[in-house]
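Residues per chain are reported as follows:
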Amino acid sequence: MTPAFRPAADVGVTVSRDGATVFVARLPAGPILVLDGAGAIIWAEATEGPGDGWIDRVADAFDVPASGIAADALAFVHALCGDGLLDEADAPRAT
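Residues numbered from 1 in each chain as written. Predicted model: local features only at pLDDT ≥ 70, side-chain atom pairs only at ≥ 80, totals over all residues. Heavy atoms only, no water.

If you look the chain up in an unreviewed UniProt entry, it shows as Coenzyme PQQ synthesis protein D (PqqD) from Humibacillus xanthopallidus.

Structure representation (structure tokens):
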């Protein structure tokens, strides 16, 4: 199973014990981004589960149709990509 996205090579990630909060930072300088609520769920589904269907899993978590959240969820992960925090999983990693 390949996730849709993965943390960039220079990114550190820590997830709270209950999984409700994700702490993400470019290392070594940061800053630390704290994701909770929808942000934490989107991060988890986009980076940990299989790449196909991650938007459906996010929608299921909120009991809403995927069509109602797809654009926002994609915009969120693409913003994280733009900030250098995520890479698309099939893209080669920078070394």
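### With respect to the environment of Asp52
In plain terms, the rule: The way it works is that DSSP assigns letters per residue, a run of H or I at least four long becomes a helix, a run of E at least two long becomes a strand, and they are numbered from the N terminus.
Within the secondary structure, Asp52 sits in the loop between helix 1 (38–48) and helix 2 (54–62). The sequence separation of Asp52 and Val22 amounts to 30 residues, and the corresponding C-alpha distance is 22 Å.

### Some thoughts on the pattern of salt bridges
Defined as follows: Whenever a carboxyl oxygen of Asp or Glu lies within 4 Å of a side-chain nitrogen of Lys or Arg, that contact is scored as a salt bridge. Exposure categories follow from relative accessible area, calculated using a 1.4 Å probe and restricted to protein chains: below 20% of the type maximum is buried, above 50% is exposed, and the middle band is partly exposed.
Tallied over the entire structure, the rule returns two salt bridges. The partner of Arg26 in a salt bridge is Asp10, with the nearest N and O atoms 2.9 Å apart. Note that Arg26 is positioned in strand 3 (residues 21–26) and Asp10 in the loop between strand 1 (5–7) and strand 2 (11–15), a separation of 16 residues in sequence. The partly exposed category is assigned to Arg26, whose relative accessible area is 37%. The residue Arg57 makes a salt bridge to Glu45 at a minimum N-O spacing of 2.5 Å. Of this pair, Arg57 sits in helix 2 while Glu45 sits in helix 1, and the two are 12 residues apart along the sequence.

### Describing unusual backbone geometry
Backbone torsion omega between Leu27 and Pro28 reads 10 degrees, so that peptide bond is classified as cis. Positionally, Pro28 belongs in the loop between strand 3 and strand 4 (32–36). A cis amide bond links Gly30 with the next residue in sequence, Pro31, at an omega value of 5 degrees. Along the chain, Pro31 turns up in the loop between strand 3 and strand 4. Phi at Asp63 is positive, roughly 55 degrees, even though this residue is not glycine. Looking at the element boundaries, Asp63 is found in the loop between helix 2 and helix 3 (66–82). Asp63 gets classed as exposed once you look at its relative accessible area, which sits at 72%.

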